[in-house]
Structures are given as structure tokens and as C-alpha cells.
Amino acid sequence: MTAYEDMLKSVGEFGLYQKVRIFLFCLPAISAALHNMSMVFNMETPEFRCAVPGLPSDTYAVQSEHHAHLINASLPRDEKTGGYSRCYTYRPSAKNSLGPRSNRSGANETSQLIFDRNQTAPCERWVYSKDVHESTVTSHLNLVCERDGVRTHQSMMMLMGLLVGSLICTPLADWIGRKKVLIVCGLLQMVLGFCFVFITSVSWLLGLRFLIAITGLGTFFAGFVLSTEIVGPSHRAMAGVCAMYFWAVGMFLLVFLFYFIRDWRIAQVTLTAPGLLYISYWWIIPESPRWLILKGRHYEADKVLRSMATTNRRPVPEQMLNDLATSAETDVTKASLREEQQQQQQQQQRQQQGQNLRQQLWLLFSSPALAGRFLNLCFNWLAINVCYYGLTLNVGSLLEGELYFNFTLLTIMELAGFVVAHLLLDRLGRKPVYCCCMLLGGVACLATLGPVLTKSGVFHCFCKSLTSFSK
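Residues numbered from 1 in each chain as written. Predicted model: local features only at pLDDT ≥ 70, side-chain atom pairs only at ≥ 80, totals over all residues. Heavy atoms only, no water.

Asker: Help me understand the overall build of the chain in this model?
Answerer: Each helix and strand counted, the chain has 19 helices and six strands in total. Across the 471 residues in the chain, those meeting the buried criterion constitute 42%. When contacts within the chain are restricted to residue pairs at least 6 apart in sequence, those whose partners lie at least 24 apart make up 74%. (Helix = DSSP H or I, 4+ residues; strand = E, 2+ residues; numbered from the N terminus. Buried < 20%, exposed > 50% of the residue type's maximum accessible area, 1.4 Å probe, protein only. Contact = heavy atoms within 4.5 Å.)

What follows is the structure in C-alpha cells.
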């Protein structure tokens, strides 16, 4: 694509046209961060305990002395924490006598409940504290005690969605275009985000987390590629880092959103609603001219490049664009002759696609050096994702009870890492920066063993922040 890069130099490698479009291409990174990382907050487990059996109006907060007596009579103590058991109650006695009693809110309650303190039974209901969160997905679906593992499963489904999304969206963007993938995935993400508000079961939770992750990766990937393909070679590193800046902005907005909106349904609607803007993208963003040229759609590429030159106030490279137009006319002339041949070849092409794909993948192992580099990069990405998502999805454990502060701290460190990469990539090169960050992250991960021995929470927080920076 040397000719394409020459055209970019003529129409402007990084002018006003590119700056405005990169802003539009990178906005989906904010949406992807909001949806993928929202689980850190909406899956948070508030303080909870078993509900008093036979007390429909039970609340986590003690309402009266009578209420406190019922709690003490019905719930055993947890030997480890010293608090009330979260998963077991004393078994209600058959001698319970029922009668109306007015509580502080004017409702009728059980006047006397008797429990057998020699027998326990699993909780059937739970009550949750509303001091920090008005409600979360965890409290809505009661993902506690025996169902606590669902919270881990939904994280696993999100990561699986990222894997499947990379396998689907990458070839799809090469087939139908980056623009269409960005818009379709963005609109699907919006629809799925609204559907998430109405979940009533674990299966819906896991399924939607999987699908939202796929669409989130599609929007981010398509926007990232579009950003790098409309700028010249000397600005591609900066264009790629811009997408990561917008990801960090999304994470800051997420903290702000959940700090002021403590009901998970309202927060989910709020972070999903801006997805309506994807409808306008059909008219306001261009397709990648590089992709258009590769697909032989030269007239459309010519239009985009002319618009780029006009906006950037650069002379239109008529000779280069005329060559594109000539290629397009030749393509049109030959199209009618090729149409019948293409119909005959389609069947053969479908048969050969699988074989060609295997051949292309096999090229990665055509030499020991290339195979070694490929496998090394795969292992590195595995390590990076284990560290990044392991830290981010468990950010609440950095400093106990400081979820919003912890998430903000990790986001600041992540943003600092993007800034350092932006400043050093073109000065020092990719390899030195990459190797240094990997080493720093590895040392920081190993250093987290220190707090276990010294019992220093601040040092633990510092080490995890360094790991996030190195990511």
C-alpha cells in the first residue's frame, strides 16, 4: 500500500479531517469501557444477612427493639466474623404463634416467632444493606452463598465473549468493512444493554454478558482500525494510543456514574442510552479508504480522499486520483465480462476458502523465527490479560471497602501508562518500551507477595497500581 501512503502524504497525514474522524472513531471505546467494566460496580455484593423467616417486611437495618430481638432469635452467629450468619438461620419451630402486630411503618408483622436453636437451615431469602448501593445485580438475583460462584462465571462469560468477538469481528471487518462492523456492533450493544435491565435469571445474565462483550470488542476494534488507517505512517502509533485514551475516559465516567447513581438499573440505562448516536454514524463517518481500495471500490475511495484534501486545505493529487478513477473504469468495463465467470467460480472459491485459511495460518509457522515470535506474542498477551482483568475485575480488594477510590486509582495509573507509551513509542521504539513495561509489571506482580508478609495494605495497593501502569 505504498501508493496509498503517498496519497495520504499528499492530502495530509494528520490534518483537521483526521482529527475529527479519529474523535468519532474513538468514541466507541468509551462505550466499550462502560459496558465491559460496569460489572465491577453492578456485580458488587452489598453487606447482607439472612432474612428473618416469617417476616416478609424484614430489612437489613434494625427498625425497632422487637425487630432486633427477632434477628437475634432467628440468626446464628458466624464463628469467623462474629456477625450474623449470612447463609443459615435457625429452623423455625412448629410452636410459632402468629398474630397481628403493628410495626413502625404501620404494617402487620408476626408478634411472636420461636426458633429451634439446635437446628439450622439454609436461608431462603436475604436482606441487603443500602448504605453504599441502593441495589445491584447481585442483590437483585441473590447471587450469594451457594450462588456466589455466578459472579465469577459472568466474568468468565465476558472474557469468553472477547475471545469469540475477536474471532468473528476481525474477519467480518475485512469482509463487509470497518464502518459497518462499528455501526452494527454499536447498535447491537445498545439493544443488549437495554435488555440487561430486565434480567430475571442467571442464564439471562450470563448470556447477555457474553453477547455484550462480543459487540463491545467489535466497536472498539473497528474504531481502532479506522483510526490507524486514515493517518500517515508517522502518526499511526499516536492514533492507536488515542483509542486507549478514550477507554480511560470511559473508565473515569464509569466511576462518576456509579458514584452518583447507586441503583444498577438506572445506571445501566444511563450508560447504554448514548448508543443511539451510532445511528448517525451511517452518515457522518467514512469507510476506510484503504479498505475501499483493497476491495476495488475506487470511486468511493476517491470521494473520501478528495474530502480529506479539501478539509485539510491541501491540493488535490489529481494524478493519483485519476489513476484510481482509471482503475475503477477498467473494473466497470471488465465487470460485465467477469460476472458470469464469478458465478461459476463462487462454488470453487467456497470450497477453497477453508484450504486458503489453513495455508495463511500455516505461514505463521513457515520458519522457526516467525513461529517463535508468534508464540511468544501469544504468551505475552495471555500474561497481560490475566494481569489486567485479574486486577481490574477484583479492584475492590485493593483497599477493603474503598471500591470507588480503588477503581479511580487504577484508572489514573492506566492513563499514565498510555501517556508514557504515547511519548516514548516513537522516540525509543516499540521493543524497548514493550520489554520495560513487561518487566516492570512482572516485578510489581511478584512484589505483591510483600504485603502478605508485612501486612501493609498501602504497599499492596502501590504494587497493584504499578502492574496496572505496566499493562
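Asker: Which parts of the structure should I look at to understand the confidence of the model for the chain?
Answerer: Regions with low pLDDT carry predicted coordinates that are not meant to be interpreted in detail. Here the chain averages 81 in pLDDT, while 80% of its residues score no lower than 70. In the predicted structure, residues 97-111 sits below a pLDDT of 50 and forms 28 contacts with residues beyond four places in sequence or in another chain. (pLDDT = per-residue confidence, 0-100.)

Asker: Is there a simple way to explain the pattern of salt bridges in this structure?
Answerer: Note that side chains of opposite charge can pair when their charged atoms are close. On inspection of all chains with the given rule, the structure shows 10 salt bridges. Put simply, Glu229 and Arg290 hold a salt bridge, and the shortest N to O gap is 3.4 Å. In this pair, Glu229 sits in helix 8 (residues 202-229) while Arg290 sits in helix 12 (residues 289-294), placing the two residues 61 residues apart along the sequence. When its relative accessible area of 26% is taken as the criterion, Arg290 is described as partly exposed. Three or more residues joined by partner-sharing salt bridges are found here, namely Asp174, Arg178, Glu229 and Arg290. (Salt bridge = Lys/Arg side-chain N within 4 Å of Asp/Glu carboxyl O.)

Asker: For this particular structure, what's the right way to read the packing of aromatic side chains?
Answerer: Geometrically, a pair of aromatic rings is defined through the distance of the ring centres and the angle of the planes. In the structure shown here, the tally under the stated rule is 13 aromatic pairs. Here the aromatic rings of Phe220 and Phe224 are separated by 6.4 Å at their centres, their planes lie at 20°, and the arrangement is stacked. Of this pair, Phe220 and Phe224 both sit in helix 8, four residues apart, roughly one helical turn. Classification of Phe224 as partly exposed rests on a relative accessible area of 31%. Here the aromatic rings of Tyr278 and Tyr281 are separated by 5.7 Å at their centres, their planes lie at 70°, and the arrangement is edge-to-face. With respect to class, Tyr278 is no different from Tyr281; both count as buried. Taken together, Phe41, Phe256, Phe258, Tyr259, Phe260, Tyr404 and Phe407 form an aromatic cluster joined through their ring pairs. It is Arg21 that lies over the ring of Tyr17; its NZ or CZ is 4.0 Å from the centre. Directly above the aromatic system of Phe196 lies the positively charged group of Arg209, at a separation of 5.9 Å from the ring centroid. (Phe/Tyr/Trp six-rings, centres within 6.5 Å; stacked < 30°, edge-to-face > 60°. Lys NZ or Arg CZ within 6 Å of the ring centre and 35° of its normal.)

Asker: For this particular structure, what's the right way to read the side chain of His35?
Answerer: Note on placement: His35 falls in helix 2 (residues 16-37). By relative accessible area, His35 is classed as buried at 2%. When near neighbours in sequence (up to four residues on either side) are disregarded, His35 contacts Gln189, Gly193, Arg209, Ile212, Gln268, Leu271 and Thr272.

Asker: Which parts of the structure should I look at to understand the packing of helix 2 against helix 7 (residues 178-196)?
Answerer: Each pair of packed helices gets described by two things: the angle between the helix axes and the distance between those axes. The contact between helix 2 and helix 7 brings their axes to 12 Å, and the two run at 30°. Judged by the inter-axis angle, helix 2 sits roughly parallel to helix 7. You can see that helix 2 and helix 7 cross each other, and the crossing is left-handed. Here helix 2 contributes Phe25, Pro28, Ser31, Ala32 and His35 to the contact with helix 7, which in turn contributes Leu182, Gln189 and Gly193. (Axes fitted to C-alpha atoms, helices over the stretch in contact; angles between N-to-C directions. Parallel < 35°, antiparallel > 145°, perpendicular 65-115°, else oblique. Left-handed = near helix turned anticlockwise from the far one by under 90°.)

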